Amino acid sequence: MQLTEILNTTDVVLTPDQEQAGIGGTAITDITCDSRQVVQGALFIAVDGHTADGHDYIAQALDNGAAAVLAQKIPKGLPREQALRILLSTDTRKDTAIAAANFFGHPSQDLVLVGITGTNGKTSITWLLEQIYQSCGITCGVIGTVNIRYPGTTIDNPVTTPDAVCLQKTMHNMKLAGVTHVIMEVSSHSLDQHRVDECNFNAAVFTNLTQDHLDYHDGLEDYFACKRTLFTGHLGPFGDGTRGKAVINIDNAYGTRLADSLDLPVIRVSADHQADIRAINVTDDIHGLKATLDFSGVQATMHSALTGRFNLENILCAAGAALATGICPESIARGIAGLERVPGRLEKLSCELNRHIFVDYAHTPDALESILKTLAGRAPARLITVFGCGGDRDRTKRGPMGAIACRYSDIAIVTSDNPRTEDPDAIVDEILDGIRAQGFNQIDPWGSDAGKKGYTRMTDRAKALALAVQISKPRDIIVAAGKGHETYQVTHAGTIHFDDKEHLTLACTQALTPRPWHLADLSCALGCEAVTVSGQKIGADARTTVFKGISTDSRTISPDMVFLAVPGERFDGHSFIPDLAEKAISAFIVRQGYLDTLDLNQKHLMDNSRICFFQVPDTLVALGRLARYHRMRSNARIAALTGSNGKTSTRKMAEDIFSQHHDTLATRGNLNNEIGLPLTLLRLADIHEWAVVEMGMSNPGEMARLSAIARPDLALVTNTHGSHMQGVGSLDNVARAKAEIFESLNPGGTAIIFADDPRRDILVQGARKNAGTAKVMFFGTQPNSDLLLSEISFTDHGIAFSLAMDGNARQYTVPSPAAFMAFNAAAAAALAKAAGIDETDIAQGLEAFVPVKGRMDLKHLGNGLHLIDDTYNANPCSMDQALNVLNRMAGTNRGIAVLGDMLELGDQTQRLHRQVGHLVAALSPAKLLLFGTQVARIREGALEKGYPDARIVMGSKQELGETLKKLTKHETWVLIKGSRGMAMETLIPVLEEIPAERAD
């Protein structure tokens, strides 16, 4: 493109000498304001910026191959030949925008362009609007604070709105990539500096205006006037006579002023006032927003994962921009629901600690107040805020931000932000001056002030974030404000990598890291000393090696862990030791005699002082000894439970209750046996106050061994029924085996027993055998129960029941369709009561309970089918319960029961399966689908009691799946259940994949 074409419509005039030299016809290959990016044949535009003057780099640009220069002055000393190529402009900022638009072909004229301006909310609105467009199948691009992004491309963006050349080039590239809609954050700086000149905006959004950038603008009125130019100067009229639309948040006073002053189409949005788009019936909690969006009479239900009043305003602004650019209300609501997070904008971190941890970009008084007011109103416990103020920026906001942080927070930790060229401690001092002026108290979070409201200082931001996690308690909210999405910190020494999310995540990980193991710890726990591969003893003080944990899995072990070789059904862990030694594993726990099995090459490989072995008679027993040692050196108390039914649901309920105020470790999955329980206890960290552990057994003696490992402070038996009959032989023996949990109850401990259990006396006898048992507590429906259960009823959302403690009755609810969940809830409440937890926390914990996957997990599928997923396990009692739930939910002669074998029932197998068949006949579901070998007895029992053979289907899972596809229709209820070994959950996808039109 020729230079005169690029400068067309500017006020630049060539001198006669330039005309004579033909400078105007110079071919230009590129255009840039950065001398470092000059390529051969480029036009370099010299702009006088705040930190550098482009005129100082003209000679460098020409030396780098610039074909021409646009500037406001000609530097002294340039050779005439170079000076001839410098064209003079009265305002290179304005002419940069024109030249860039000309060079890149005015791309905004071919795009739907939405500009968003305001002090706060711009970034969140770009993400919301982007999600709305994408949900409509629109290919869009975003130019914003977080980055510049469009399909196939993501570019870091150091400023909110790039310079005019970058803007025009970006839109040009977006258009080439197939983008049709572009969303741009428009800063006041960019408006004042003419960066967005020559951009034709189809819609412009005004979010709000509060104190910010007063180091640049001459007061708030000047700041507002600058923002206003987006609407008065960039919304047309365009060449075709059209005008863009203004979308304005009138819940902000400046927004109302702006809307009333404009002579162009305006879409007003509000959560408080009559407007073109308003939000009504709003609910807002820590989990998100729900509202009805009213588009001048057309309503759409809106759900969002975002939370807070300020996000409601952001949603309304995004909805307005979408409506202004032709998107219908239903599509707008659908797009809003699809956005799960906005990076760095009240972004919630995922963490295993029971904390609500957020990072946010808030760096103005108003933004900080908005997020803290939002979080303080939703805090289940305390609000801890970590914040600072940036250096080389508006100093007048430092004191007010400190006062805001202290007003809304229980604990405010004042720290560094981006200090830039300023002294971080000096910035903190200015913040503290504002805090002290408001009378807030400085506290020592580790001393006698712990738990009091106030502030503390920790200038080092990494240490401040770690401190917030260290002093937090369960359900506290921690928010790190000021940096949000940024992954850097700007200091006087330069820019360094720093990410609030990384530091917070690390602090949470460290809090949950168990105490390390020294050689002396291992020797004490195992009762033997470490030896080399040749059998020579290694003294516990000989090395300072520290191990972070014990592992039995050769696939996931790290070099700083000890490998314990457990023999399994398919693999013996000892066989992996030579390979692990080559991978830098240096400590092994092995069975006695293992070293004698090594050949010379293997011994030579491991013959160095780095590798040591602990030889034990039985590595499985050794695993238990390690777990017991670690449990005893921890600060935690142990609540252990077992039973024939309800263990996992009760454990989950108890975990939810205990976690209300205590950092609680709990069994994961089915890790409840002689391997699983030790592995659970080995995860105990110093932060844990309680561990809620589940114990399972198949044979007599197993529970006693588990109890000896855990040394519980509380021990509970949920019930005794006909499970594991193969190992114990009778129901009385089941009770005796379960009662072994009380054998190693810690002195002063409490035994908790189901008062309604037919074998209650056997359980009580087992508890009394331990002289250390201080109390036996009962739960159930019997009048003498310490926790008296009554009034079980069904609701639309689950079950309700009354639970009386200490003579005071209270109503509770659990989101499950199964009546027996009330007994599990009573069992969990009994554990909590024995632990000294109050009834309010018990109620909140039960309300927080979500059914465990595969345990009476009720799912309403998108195709209109209803699934009762009880696939985790099965025994006669749980089969009875599940079938009754199906009958209650679907009704007689309705619903489909899909059943698999019940395992481990010994010589009672046939009789107990036949009894299930009797129950099927009594309840009469519409269809009975059976998989396995023992289910033939269910069929026999059902036929014996008159259930029609035509309703029964037996076959492979594939055959049952095909049957389900044919049988199911809209509103069909399906129960799927069987023992763990039957893997009945593999039939669930069959139901989920049935198209809605076929199920209807």
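Everything that follows concerns the structure shown earlier in this document.
The rules behind each value
- Residues numbered from 1 in each chain as written.
- Predicted model: local features only at pLDDT ≥ 70, side-chain atom pairs only at ≥ 80, totals over all residues.
- Heavy atoms only, no water.
- Pairing = 2+ DSSP bridges.
- Helix = DSSP H or I, 4+ residues; strand = E, 2+ residues; numbered from the N terminus.
- Axes fitted to C-alpha atoms, helices over the stretch in contact; angles between N-to-C directions.
- Contact = heavy atoms within 4.5 Å.
- Buried < 20%, exposed > 50% of the residue type's maximum accessible area, 1.4 Å probe, protein only.
- Phe/Tyr/Trp six-rings, centres within 6.5 Å; stacked < 30°, edge-to-face > 60°.
- Lys NZ or Arg CZ within 6 Å of the ring centre and 35° of its normal.

## Section: the sheet that holds strand 4 (residues 86–88)
Backbone-to-backbone hydrogen bonds pair the strands of a sheet. The strands run either parallel or antiparallel.
Then, number 1: Read from one edge of the open sheet, four strands run 1-2-3-4, paired in parallel fashion. One side of each edge strand has no neighbouring strand; the edge strands of this open sheet are strand 1 (30–32) and strand 4. This sheet shows a mean twist of 20° between the axes of neighbouring strands, independent of strand direction.
Then, number 2: Here helix 5 (residues 92–103) sits on the sheet in contact with strand 1, strand 2 (42–45) and strand 3 (68–71), set at roughly 155° to strand 1.

## Concerning the sheet that holds strand 6 (residues 140–143)
Then, number 1: Read from one edge of the open sheet, eleven strands run 8-7-6-9-5-10-11-12-13-14-15, paired in mixed fashion. Across the chains shown, the open sheet's two edge strands, defined by having one partner strand only, are strand 8 (153–156) and strand 15 (298–304). When strand polarity is set aside, the average angle formed by the axes of neighbouring strands in this sheet is 15°.
Then, number 2: Where strand 12 (residues 266–270) meets strand 13 (residues 277–285), two bridges bridge the pair, whose relative direction is parallel. By the bridge assignment for strand 13, Val-269 is matched with Ile-277.

## What about the pairing of strand 42 (residues 866–870)?
Then, number 1: Of all the five residues making up strand 42, five are buried; the element is thus mostly covered by neighbouring parts of the structure.
Then, number 2: Of the two faces of strand 42, the one carrying His-866, Ile-868 and Asp-870 and the one carrying Leu-867 and Asp-869 are both buried.
Then, number 3: Pairing of strand 41 (residues 857–860) with strand 42, which is carried by four bridges, proceeds in the antiparallel orientation. Bridging across to strand 42, His-860 finds its partner in His-866.
Then, number 4: Following strand 41, the chain reverses through five residues before pairing antiparallel with strand 42; Gly-864 in that reversal takes a positive phi of roughly 95°.
Then, number 5: Relative to strand 46 (residues 973–977), strand 42 runs parallel, the two being bridged by five bridges. Considered in strand 46, the bridge of Asp-870 is made with Lys-977.

## Considering the packing of aromatic side chains
Then, number 1: Counted by the stated rule, this structure contains twelve aromatic pairs.
Then, number 2: When the ring of Phe-563 is compared with that of Phe-588, the centres are 6.3 Å apart and the planes differ by 75°; the resulting orientation is edge-to-face. Within this pair, whereas Phe-563 is found in strand 29 (residues 561–564), its partner Phe-588 is found in strand 30 (residues 587–591), the two being separated by 25 residues in sequence.
Then, number 3: Taking the centre distance of 5.6 Å and the plane angle of 75° together, the rings of Phe-754 and Phe-823 count as edge-to-face. Taken together, the positions of Phe-754 in strand 36 (residues 749–754) and Phe-823 in helix 28 (residues 821–834) put the pair 69 residues apart, joining distant regions of the chain.
Then, number 4: Accessibility expressed as a relative area gives 12% for Phe-754, which makes it buried.
Then, number 5: Of the residues examined, Phe-823 reaches a relative accessible area of 24% and is grouped as partly exposed.
Then, number 6: One aromatic cluster is present, built from ring pairs that chain together Phe-206, Phe-224, Phe-231 and Tyr-254.
Then, number 7: Its end group placed over the ring of Trp-517, Arg-633 keeps NZ or CZ at 4.3 Å from the ring centre.
Then, number 8: Above the plane of the ring of Tyr-872 lies Arg-980, whose end atom (NZ or CZ) is 5.2 Å from the centre.

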